[in-house]
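Residue strings, one per chain:
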Amino acid sequence: MAKDKAFDRVPVALTPWERFEEYLCARGMRKTAQRRILVEYVFNQHDHFDVDTLLARLPRRGQPRHVSRPTVYRTLGEFVDAGLLRKFELDGRSVYEHDYGYPQHDHLHCQRCQRLIEFQSDELLALRDRVAYAHHFRVSGHRLIVTGLCASCWEAPRRRGRRAARGS
Ligand SMILES: [Zn+2]
Ligand SMILES: [Zn+2]
């Protein structure tokens, strides 16, 4: 999925793998080669992905370092549980992105080209906190996805229209 803006990472004490090791140790789970491979593939660049895009990036069946679909599903669930990934629903699909070491942000979702544009807004956070305060609500997070059309999707037809009007 196209990524529009990568924010500066926030400093964290541990690498994603170290943090995941802590999580596994605390639960008596094994540090398998497949878990290690998935940490590498998932955390080397920030983007938004679903299970299919991740599987397409991984080595295929029969090749070294292949990870099966059920293992990918299970391990992504563990990453979410460990606070490494954030998961959200987009048009009925589960989409994942980095949570650990990546700042809070929200998304604009283009419904034509599926682009996800990231943005940060202090005003939005202030509004959220005011609303929560009024309801005596303790905030642990929020998710906002604004739907619509990105600039290249809504501007392109307009430009074509203008050209047509000029007769070129
Ligand atoms: Zn678009
Ligand atoms: Zn994002």
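Structural data are supplied above this passage.
The rules we used
Residues numbered from 1 in each chain as written. Chains lettered and ligands numbered in written order. Predicted model: local features only at pLDDT ≥ 70, side-chain atom pairs only at ≥ 80, totals over all residues. Core = buried A, V, L, I, M, F, W, Y, C linked by C-beta atoms within 7 Å. Buried ≥ 20, exposed ≤ 12 C-beta atoms within 10 Å, placed from the backbone. Helix = DSSP H or I, 4+ residues; strand = E, 2+ residues; numbered from the N terminus. Contact = placed C-beta atoms within 7 Å. Arc of directions from axis to C-beta.

Visitor: Can you break down the nonpolar core residue by residue, with the values?
Guide: Nonpolar side chains in soluble globular proteins generally cluster together in the buried interior. If you look at the biggest cluster of nonpolar residues, it comprises 12 residues: Phe20, Leu38, Val39, Val42, Phe49, Val67, Leu76, Phe79, Leu84, Leu85, Val95 and Tyr96. Breaking this core down by element, the ones donating at least two residues are α2 (33-43), α4 (69-81) and β2 (93-98). No other element matches α2, which puts three residues into this core. Leu76 has contacts with Val51, Leu85 and Tyr96, leaving out every residue within four places of it along the chain.

Visitor: Mind laying out helix α1 (residues 16-26), listing which residues take part and the relevant values?
Guide: Taken as a whole, α1 has its buried residues at Pro16, Arg19 and Phe20. Take α1 and look down its axis: the buried residues cluster within an arc of 100°, on one side only. Opposite the buried face of α1, by more than 90 degrees, sit the exposed residues Glu18, Glu22 and Cys25. The secondary structure elements touched by the buried residues of α1 are α2. Of the residues trailing α1, Gly28 is marked for its positive phi of about 65°.

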